[in-house]
Number of protein chains: 2
Amino acid sequence: MAKYKKNERQEILLERINEDPFLTDEKLAEIFNVSIQTIRLDRLELSIPELRARIKNVATEEVDKIKSLSLQEVTGEIIDIELNSQALSLFIIEEGHVFEKNEIARGHFIFAQANSLCVAVINEPLALTKSADIEFKRQAKLHDKVISKAVVNDMDNNNASITVESKVDGRLIFKGQFEMYYSNEGDNNG
Amino acid sequence: MAKYKKNERQEILLERINEDPFLTDEKLAEIFNVSIQTIRLDRLELSIPELRARIKNVATEEVDKIKSLSLQEVTGEIIDIELNSQALSLFIIEEGHVFEKNEIARGHFIFAQANSLCVAVINEPLALTKSADIEFKRQAKLHDKVISKAVVNDMDNNNASITVESKVDGRLIFKGQFEMYYSNEGDNNG
DNA sequence: ACTGATTTTAGTACCAACTACTAAATGAGG
DNA sequence: CCTCATTTAGTAGTTGGTACTAAAATCAGT
């Protein structure tokens, strides 16, 4: 139970609280075998907020994450659109979109961006994907900015044919040919 | 500022706290134009925990949600697998997977299930989707149980050809032909 | 209008987990 | 031994409550 020096203790304290933000000063005092006051002094010096504030931070952060996830109804941000003609979207690959081990984007997000764009470019209340021919040309990695471009080739008889190309740094990573069904009845998309 | 009756107030209280768990009794008292004691009585009757407990729940629960999201590396639960041959997975359509307005599953989740299954069935450290031909036969709706079956047609020269069929209640909703690249180097999938 | 029950307020004591502050005790180095 | 840094102790005050008692207000039925 050798006590740490101030420096050491504060370093480890930071780590510990990072690992588990739910530790009270009391427990931390036990862990480091010092008084509560010392822990409080440490937190003050390191400007680590108190337990409740930490918990609240965790809670609000996670709430934000959930919100941003439900925003993913349309994957990617539409940056230019000419209805029934063509559209452009940007999708930034974040932690949630990649495989942990190799940081390669999961294919379905790339697909989702393209698919969402197809739905968006069609100016009708109902738009469903009927079929698609897709090709993954190269991998997208964490933090890549994927630009997707959809071009409507033709639209008639409630069917639209759309070509999508997705690029990272100008290099093609994905290409897809989408056949969509649309209708002015119904209320939404798919 | 007509005051609600007890029943009404408690119903709305529940909703309010569900929407925003960060409301103190004090603020709730203001909102409903009643005393703090009344709010506390209400919470007691409805067994709604106090603010701090609520926040803590959000913090811990949402951490779990994030974890379950990373579990979605494989979308759907694999229920049977014969490596390099065939596999079966179940994917239950939940709130997060559908368009709010019409409760139709977003296509990319259906695609993701199929794609993940292809990755899983290949018993190699690296498996990437090269291309796919897919067809959405009919819509999947909220709470549907989608059963996906992948059959490996052939594997050679680091390329696998896989057919996937997804069904709800025995009816085909999705069919896809996947061409995968695999390798025993690298460490993961895509 | 009166009564009895229901609902709402008020008020007190207590709790956890603190902050902010003062002050005393303990170390460690020169 | 003296001194400065570090640690500990202790007090008062805060937030957002619980648990409890009791009074006041409101409502419902006769």
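Refer to the preceding data block for the structure.
Residues numbered from 1 in each chain as written. Chains lettered and ligands numbered in written order. Predicted model: local features only at pLDDT ≥ 70, side-chain atom pairs only at ≥ 80, totals over all residues. Heavy atoms only, no water.

Student: I'd like to hear about the protein's contact with DNA strand C, residue by residue, with values.
Tutor: As a structural note, the neighbourhood of DNA strand C is formed by 15 residues, with Arg 43 of chain A together with Lys 3, Arg 9, Ser 35 and Thr 38 of chain B the closest of them. Put simply, 66% of the atoms of DNA strand C that lie within 4 Å of the protein are in sugar or phosphate. At 2.8 Å, a side-chain N or O of Arg 9 of chain B approaches a phosphate oxygen of DNA strand C. Within the residue set of the surface near DNA strand C, elements represented by two or more residues are helix H3 (36-45) and helix H4 (51-70) of chain A together with helix H1 (6-19) and helix H3 (36-45) of chain B. Here the surface near DNA strand C gets 3 residues from one element, more than from any other, and that element is H3 of chain B. Here the residues of the surface near DNA strand C sort into 3 nonpolar, 4 polar and 8 charged. (Near = heavy atom within 4 Å. Polar contact = N/O pair within 3.5 Å; in protein donor to acceptor, adjacent residues only side chain to side chain. Helix = DSSP H or I, 4+ residues; strand = E, 2+ residues; numbered from the N terminus. Nonpolar A, V, L, I, M, F, W, Y, C, P; charged D, E, K, R; others polar.)

Student: Please give an account of the protein's contact with DNA strand D that cites residues and values.
Tutor: The full set close to DNA strand D counts 15 residues, and Arg 9 and Thr 38 of chain A together with Arg 43, Leu 51 and Arg 52 of chain B are the nearest of them. Considering DNA strand D, the proportion of its atoms within 4 Å of the protein that are sugar or phosphate atoms stands at 67%. Contact distances for DNA strand D include 2.9 Å between a phosphate oxygen and a backbone N or O atom of Ser 35 of chain A. Put simply, the parts of the chain that give the surface near DNA strand D at least two residues each are helix H1 (6-19) and H3 of chain A together with H3 and helix H4 (51-71) of chain B. Here the surface near DNA strand D takes 3 residues from H3 of chain A, the largest share from any one element. Looking at the surface near DNA strand D residue by residue, the classes come out as 3 nonpolar, 4 polar and 8 charged.

Student: Please give an account of the packing of helix H2 (residues 25-32) of chain A against H3 of chain A that cites residues and values.
Tutor: How two helices pack is summed up by the angle between their axes together with the distance between the axes. All names here are of chain A. At a minimum axis separation of 8 Å, H2 and H3 run at an interaxial angle of 105°. Considering their axes alone, H2 and H3 lie roughly perpendicular with respect to each other. Side by side, H2 and H3 meet where Asp 25, Glu 26, Leu 28, Ala 29 and Phe 32 of the first sit next to Ile 36, Ile 39, Arg 40 and Arg 43 of the second. (Axes fitted to C-alpha atoms, helices over the stretch in contact; angles between N-to-C directions. Parallel < 35°, antiparallel > 145°, perpendicular 65-115°, else oblique. Contact = heavy atoms within 4.5 Å.)

Student: So what's going on with H1 of chain B? Residues and values would help.
Tutor: Residue and element names in this part refer to chain B. For H1, which comprises 14 residues, the first-to-last C-alpha distance of 20 Å matches the rise-based estimate of 20 Å (1.5 Å per residue) to within 8%. Turning to H1, its buried residues are Arg 9, Gln 10, Leu 13 and Ile 17. Buried residues of H1 fall within an arc of 95° about the axis and therefore sit on the same side. Counted as exposed and oriented over 90 degrees from the buried face of H1: Asn 7, Glu 11, Asn 18 and Glu 19. (Expected span 1.5 Å × (residues − 1). Buried < 20%, exposed > 50% of the residue type's maximum accessible area, 1.4 Å probe, protein only. Arc of directions from axis to C-beta.)

Student: Talk me through the side chain of Arg 43 of chain A; I want residue IDs and the actual numbers.
Tutor: Residue and element names in this part refer to chain A. By the secondary structure assignment, Arg 43 is in helix H3. Exposure remark for Arg 43: the relative accessible area of 11% places this residue in the buried category. Apart from residues lying up to four places away in sequence, Arg 43 is in contact with Leu 13, Ile 17, Asp 25, Ile 48, Pro 49, Glu 50 and Arg 54.

Student: Tell me about the pairing of strand S2 (residues 86-92) of chain B, residues and numbers included.
Tutor: Residue and element names in this part refer to chain B. Here S2 shows a clear split, with Ala 87, Ser 89 and Phe 91 buried on one side and none of Gln 86, Leu 88, Leu 90 and Ile 92 buried on the other. Of the pairings in the sheet, the one linking strand S1 (residues 77-82) to S2 comprises 5 bridges and is antiparallel in character. Bridge pairing in S2 links Glu 77 to Leu 90. In this sheet, strand S4 (residues 145-156) lies alongside S2 in antiparallel orientation, the contact comprising 7 bridges. Counted as the bridge partner of Ala 87 is Ala 150 from S4. (Pairing = 2+ DSSP bridges.)

Student: Any details on the packing of aromatic side chains? Residues and values, ideally.
Tutor: Considering all chains together, one arrives at 9 aromatic pairs over all chains under this definition. Three or more aromatic residues joined by ring pairs make a cluster, and in this case those are Phe 111 and Phe 178 of chain A together with Phe 111 and Phe 178 of chain B. (Phe/Tyr/Trp six-rings, centres within 6.5 Å; stacked < 30°, edge-to-face > 60°.)

Student: Help me get a handle on the sheet that holds strand S2 (residues 86-92) of chain A, residues and values and all.
Tutor: The strand order across the open sheet formed by 12 strands is S1(A)-S2(A)-S4(A)-S5(A)-S6(A)-S3(A)-S3(B)-S6(B)-S5(B)-S4(B)-S2(B)-S1(B), and the pairing between neighbours is antiparallel. Because the sheet does not close on itself, it has two edges, and the strands there are strand S1 (77-82) of chain A together with S1 of chain B. The sheet shows a mean angle of 20° between the axes of neighbouring strands, taken without regard to direction. The pairing of strand S3 (residues 126-136) of chain A with strand S6 (residues 171-183) of chain A spans 10 bridges and is antiparallel. When the bridges of S6 of chain A are listed, Phe 136 of chain A appears paired with Phe 174 of chain A. Most of the contacts of helix H5 (residues 107-121) of chain A go to S6 of chain A, to which it runs at about 45°, and overall it touches S1, S2, S3, strand S4 (145-156), strand S5 (159-168) and S6 of chain A together with strand S3 (126-136) of chain B.

Student: I'd love a proper account of the pattern of salt bridges, names of residues and values included.
Tutor: By the definition in use, this model includes 12 salt bridges over all chains. Here Lys 6 of chain A and Glu 45 of chain A are joined by a salt bridge, their closest N and O atoms 3.3 Å apart. One end of the pair, Lys 6 of chain A, is in helix H1; the other, Glu 45 of chain A, is in helix H3, with 39 residues separating them in the sequence. Of the charged contacts in the structure, one is a salt bridge between Arg 43 of chain B and Asp 25 of chain B, with a shortest N-O distance of 2.7 Å. Of this pair, Arg 43 of chain B sits in helix H3 while Asp 25 of chain B sits in helix H2 (residues 25-32), and the two are 18 residues apart along the sequence. Like Asp 25 of chain B, Arg 43 of chain B is buried. Ionic contacts of the salt-bridge type, sharing partners, join the residues Asp 25, Arg 40 and Arg 43 of chain A into one network. (Salt bridge = Lys/Arg side-chain N within 4 Å of Asp/Glu carboxyl O.)

Student: Outline the packing of H5 of chain A against helix H5 (residues 107-121) of chain B, supporting the account with residue identities and numerical values.
Tutor: Here H5 of chain A crosses H5 of chain B at 155°, and the two axes come no closer than 9 Å. On the basis of the axis angle, H5 of chain A is roughly antiparallel to H5 of chain B. Of the two elements, H5 of chain A crosses H5 of chain B, and the hand of that crossing is right-handed. Only Gly 107, His 108, Phe 111, Ala 112 and Asn 115 of chain B of H5 of chain B make contact with H5 of chain A, whose side of the interface consists of Gly 107, His 108, Phe 111, Ala 112 and Asn 115 of chain A. Of the residues contributing to the contact of H5 of chain A with H5 of chain B, the split by class is 4 nonpolar, 6 polar and no charged. (Left-handed = near helix turned anticlockwise from the far one by under 90°.)

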